[in-house]
Amino acid sequence: MKLYSLKKEIALPLSVAFIVNPFFIQNLLYRFDSLGMTLAIFSCAIAFYMRWSVVGLYLKVFFLIICLNFYQPFANLFLGLVGIELALLCSLRYQRGYTFSILIKSLIVFTAANLVYFLQFKIITYLLSYLESFTPTARDSFLAFELASILEIFRNFAGAFKVLFEFWSDYALYILIPIPFLFVSVTNLLIKRDFPTLIGLVIASVFIFVSGVGPMAMLDKQVLSPRVLSYFPAVMMMLLFVLMVNKKNYVWVIVFPIFACFVFSYRVGNIHHLQREYETPIMMNLTQDLATLKKVTQIYSVGSVNAAPFSKHIIEATPFRGFLNREAWMTVGYIRMFGETRLEFLWRSAHERMEEDFWLVNHPKQSASLYAEPFYKIYVKDSKAWIVWTE
């Protein structure tokens, strides 16, 4: 990460704060496109790192476009990093003209990359519209162009940070410890009349706030799960910067929030390990039951596998339930891992329609053919079968 001529005692802690990101764990657990998510954040970091030269300017736009194509939400992290950079420039008393030029060029780069991506997206969507199988998603629709939408956009920005407060509400002690030190740092800036640094902090705060959802705040439908929010590293870097702006020894206070992130990471790993040990024999038994249904050609899964009973107390005490996501359409993916290729994989909306059809049409007309209480029942009708998970 480019930090200009900052001393190592500032650059190293900020870099450590950047890589501590408990939100990203959900991306690593998201099997469907976790590689794309990882490459997206890497491309965003490379875009920020590029020098402000003529070639570097184009490379910044290029890597941001790459980031947007891999996983659109992570491009917003660029704004958070720019905010930290501007705060650093202000505190180091760089010339106002130079700092202002970095601000303008950064906004141009971010805007240009998003415009190119938007045009590319529209062209591809237009071409795909000729395919009968193509169905546009509701997430593509924008808010109406009216005055009331301004308030809605602000709510979308603010809503992204509810996830941050949800995380720290379970680790309140770890985040409360730095607050007195933050107060001392800001008070010292006011006493010293260090207005350049204070202005830098305000600018950085605005950039980080906007980086919550970025341009996607204008979309009608918002997805605000941790895996789509990339601002956590910028928030940690901002916290560390405020701690260190007057006294370098305050850097050690960041150990408490970082320790909370490691505690969370350990719990998530433990929860998923326990869940996998619980699920494996159930899935193996299910695969054997399905293998006996020789005349069945289509199999559907209704509902989802339960959480392991002996890990429920850990899940309830962990933010975001430890990212243990066993939605109905995702449960199908876990079953297919055991070799049952007849199982139909449907995305969320199609899966919901299938389940509704089962309960309204097929379920009332027949009884279960196979039982594996208390885990699941299997219903069979002609060449179709339904796995119904018990609650």
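Residues numbered from 1 in each chain as written. Predicted model: local features only at pLDDT ≥ 70, side-chain atom pairs only at ≥ 80, totals over all residues. Heavy atoms only, no water.

1. Brief notes about the overall build of the chain
And then number 1: When helices and strands are counted, the chain shows 16 helices and 4 strands.
And then number 2: On the principal axes, the C-alpha backbone points of the chain span a range of 80 × 50 × 40 Å.
And then number 3: Expressed as a percentage of the 391 residues in the chain, the buried residues total 46%.
And then number 4: Per element, the accessible surface of the chain, about 20700 Å² overall, is 66% carbon and sulfur.
And then number 5: Each charge class in the chain can be summarised by its mean position, and for the 34 positive and 25 negative side chains these summaries are 11 Å apart. (Helix = DSSP H or I, 4+ residues; strand = E, 2+ residues; numbered from the N terminus. Buried < 20%, exposed > 50% of the residue type's maximum accessible area, 1.4 Å probe, protein only. Areas by Shrake-Rupley, 256 points an atom, 1.4 Å probe, with all protein chains shown as cover. Lys, Arg positive; Asp, Glu negative; His and termini not counted. Charge placed at Lys NZ, Arg CZ, Asp CG, Glu CD.)

2. Side note on the pairing of strand β3 (residues 376–381)
Working note: regular strand, side chains alternate between the two faces of the sheet.
And then number 1: Bridging between β3 and strand β4 (residues 384–389) involves 6 bridges; their strand directions are antiparallel. Pairing of Tyr379 across the sheet is with Trp386, part of β4.
And then number 2: Taking the residues that link successive antiparallel strands as the turn, the β3-β4 hairpin has 2 residues, and the phi of Asp382 there is positive, at about 55°. (Pairing = 2+ DSSP bridges.)

3. What about the pattern of salt bridges?
And then number 1: Within this structure, the stated rule accounts for 3 salt bridges.
And then number 2: Among the salt bridges present, the one from Glu279 reaches Arg276, with a minimum N-O distance of 3.8 Å. Of this pair, Glu279 and Arg276 both sit in helix α13 (residues 255–291), separated by 3 residues, roughly a single helical turn.
And then number 3: Assessed through its relative accessible area of 2%, Glu279 is described here as buried.
And then number 4: With a relative accessible area of 28%, Arg276 lands in the partly exposed category.
And then number 5: For Glu340, the salt bridge is made with Arg342, and the minimal N-O distance between the two is 2.9 Å.
And then number 6: Judged by its relative accessible area of 7%, Glu340 is buried. (Salt bridge = Lys/Arg side-chain N within 4 Å of Asp/Glu carboxyl O.)

4. Some words on the packing of helix α8 (residues 162–169) against helix α12 (residues 232–244)
And then number 1: In the contact formed by α8 and α12, the axes pass within 11 Å of each other and the chain directions differ by 65°. Along this stretch, α8 crosses α12, giving a crossing that reads as right-handed. Between α8, through Leu164, Phe167 and Trp168, and α12, the contact on the second element is made entirely by Phe232, Val235 and Met236.
And then number 2: Classifying every residue of the contact of α8 with α12 gives 6 nonpolar, no polar and no charged. (Axes fitted to C-alpha atoms, helices over the stretch in contact; angles between N-to-C directions. Left-handed = near helix turned anticlockwise from the far one by under 90°. Contact = heavy atoms within 4.5 Å. Nonpolar A, V, L, I, M, F, W, Y, C, P; charged D, E, K, R; others polar.)

5. Comments concerning the nonpolar core
And then number 1: Core analysis: the largest hydrophobic core is formed by 84 residues, its most contacted members being Phe23, Leu64, Phe78, Phe167 and Trp168.
And then number 2: Ranked by residues supplied to this core, first place goes to α12 with 11 residues.
And then number 3: Counting 20 residues, the second-largest nonpolar core is a separate cluster that includes Leu290, Tyr334, Leu343 and Ala385. (Core = buried A, V, L, I, M, F, W, Y, C linked by side-chain atoms within 4.5 Å.)

6. Describing the packing of aromatic side chains
And then number 1: Per the stated rule, a full pass over the model turns up 33 aromatic pairs.
And then number 2: For the ring pair Tyr117 and Phe121, a centre distance of 6.3 Å and an interplane angle of 25° mean the geometry is stacked. Note that Tyr117 and Phe121 are positioned in helix α6 (residues 96–128) at a spacing of 4 residues, about one turn of the helix.
And then number 3: Tyr117 gets classed as buried once you look at its relative accessible area, which sits at 13%.
And then number 4: A relative accessible area of 29% means that Phe121 is categorised as partly exposed. (Phe/Tyr/Trp six-rings, centres within 6.5 Å; stacked < 30°, edge-to-face > 60°.)

7. Focus on the layout of surface pockets
And then number 1: Roughly 500 Å³ of volume is contained in the second largest pocket.
And then number 2: Looking at the second largest pocket, it is lined by 17 residues, and the ones nearest its centre are Phe161, Leu164, Phe165, Val235 and Leu239.
And then number 3: Of all the elements in the fold, those that place two or more residues in the lining of the second largest pocket are α8, α10 (178–191), α11 (195–210) and α12.
And then number 4: At 5 residues, α12 tops the list of elements feeding residues into the lining of the second largest pocket.
And then number 5: By residue class, the composition of the lining of the second largest pocket is 15 nonpolar, 2 polar and no charged. (1 Å grid on protein atoms, 1.4 Å probe; cavity = no way out; pocket = protein on both sides within 12 Å on 5 of 7 lines; lining within 4 Å. Points joined across faces, edges and corners; volume = space filled by probe spheres on them.)

8. Observations concerning the environment of Ser311
And then number 1: Among the secondary structure elements, Ser311 is positioned in the loop between β1 (298–302) and α14 (312–316).
And then number 2: Each C-alpha atom of the pair Ser311 and Asn270 lies 8.8 Å from the other, and the pair is 41 residues apart in sequence.

9. Details of the confidence of the model for the chain
And then number 1: Averaged over all residues, the pLDDT of the chain is 87; the fraction at 70 or higher stands at 93%.
And then number 2: For the chain, strand β2 (residues 370–372) is the element with the lowest average pLDDT, namely 71, and helix α4 (residues 54–70) is the one with the highest, namely 95.
And then number 3: In the model, residues 1–5 has pLDDT below 50 throughout and makes 19 contacts with residues more than four positions away in sequence or in other chains. (pLDDT = per-residue confidence, 0-100.)

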